[in-house]
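Descriptive structure summary
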Amino acid sequence: MSFEHVRIRGTGHTYDARVVYFDPKRDLAVLSVPGLPAPALTQGPSLKRSDGAVVAGFPLDGPYRVDPARVRDVLSARGADIYGNPGVVREVYSLFAQVQPGNSGGPILSPRGAVVGNGCAKPLDDATTAHALTLSAARHVLRAATNPV
């Protein structure tokens, strides 16, 4: 069993979190955080080309930020899992957004604040593009969590 630590907006009290499910193909974990005094985020609808979005996170290990994004396309991305095993296909949003290390793993939100995706990666040769796992691609991970989270 793995233990992590969570802080609301990256500041204040630290809460112990326990990994209740991990998917190495999507590099996605579900954490249980007993006593966390923050509301659960709602799940939003799938986005389509030209929809607006928000990238939330801690770019460059700085303070919590939310930055605008726009969906360029919805793609099937082929690659490897976190251990380098090939053959993984993921549905991702290609976003017009500027992301930095520290945005990875954070939520992609609709303009109304609902979660519509997760995590960010950026191509090395394009500073205005980011990729994020769609909520559809992450849904089985959320369903597989066996404890209330």
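Please refer to the structure higher up on the page.
Described below are features of the structure shown in this document. These figures come from a predicted structure and were not determined experimentally.

Focus on the nonpolar core
Nonpolar side chains in soluble globular proteins generally cluster together in the buried interior. In terms of nonpolar packing, the biggest core is built from 14 residues, with L47, V55, A69, L95, A97 and I108 touching the most fellow members. Among the elements of the structure, β4 (52-57), β5 (65-80), β6 (86-96), β8 (115-121) and β9 (129-134) are those that each provide at least two residues to this core. A97 has contacts with V55, P68, A69, A127, T128, T129 and A130, leaving out every residue within four places of it along the chain.

Some words on the pairing of β8
When you tally the buried positions in β8, you get six out of seven residues, the bulk of the element. As paired strands, strand β7 (residues 107-109) and β8 are joined by three bridges and run antiparallel to one another. What sits directly across from P107, in β8, is N118. From the end of β7 to the start of β8, which pair antiparallel, there are five residues, and G113 there has a positive phi angle of about 95 degrees. In this structure, β8 lies alongside β9, joined through three bridges in antiparallel fashion. Bridge pairing in β9 places G117 opposite T134.

Observations regarding unusual backbone geometry
Residues other than glycine seldom take positive phi values, yet D27 does so here, at roughly 50 degrees. Mapped onto the elements, D27 comes out in the loop between β2 (15-23) and β3 (28-32). At L60, a residue that is not glycine, the phi angle is positive and equals roughly 55 degrees. Among the secondary structure elements, L60 is positioned in the loop between β4 and β5.

Observations regarding a nonpolar patch on the surface
Residues F22, I82 and Y83 make up a contiguous nonpolar surface patch of roughly 310 Å² in combined accessible area. Look at Y83 and you get exposed, because its relative accessible area is 57%.

Cut-offs and rules
Residues numbered from 1 in each chain as written. Predicted model: local features only at pLDDT ≥ 70, side-chain atom pairs only at ≥ 80, totals over all residues. Heavy atoms only, no water. Core = buried A, V, L, I, M, F, W, Y, C linked by side-chain atoms within 4.5 Å. Buried < 20%, exposed > 50% of the residue type's maximum accessible area, 1.4 Å probe, protein only. Helix = DSSP H or I, 4+ residues; strand = E, 2+ residues; numbered from the N terminus. Contact = heavy atoms within 4.5 Å. Pairing = 2+ DSSP bridges. Patch = residues over 30% accessible without salt bridge, like charges linked within 9 Å, V, L, I, M, F, W, Y side chains within 5 Å. Areas by Shrake-Rupley, 256 points an atom, 1.4 Å probe, with all protein chains shown as cover. Salt bridge = Lys/Arg side-chain N within 4 Å of Asp/Glu carboxyl O.

Shape is all these values report; function is a separate question.
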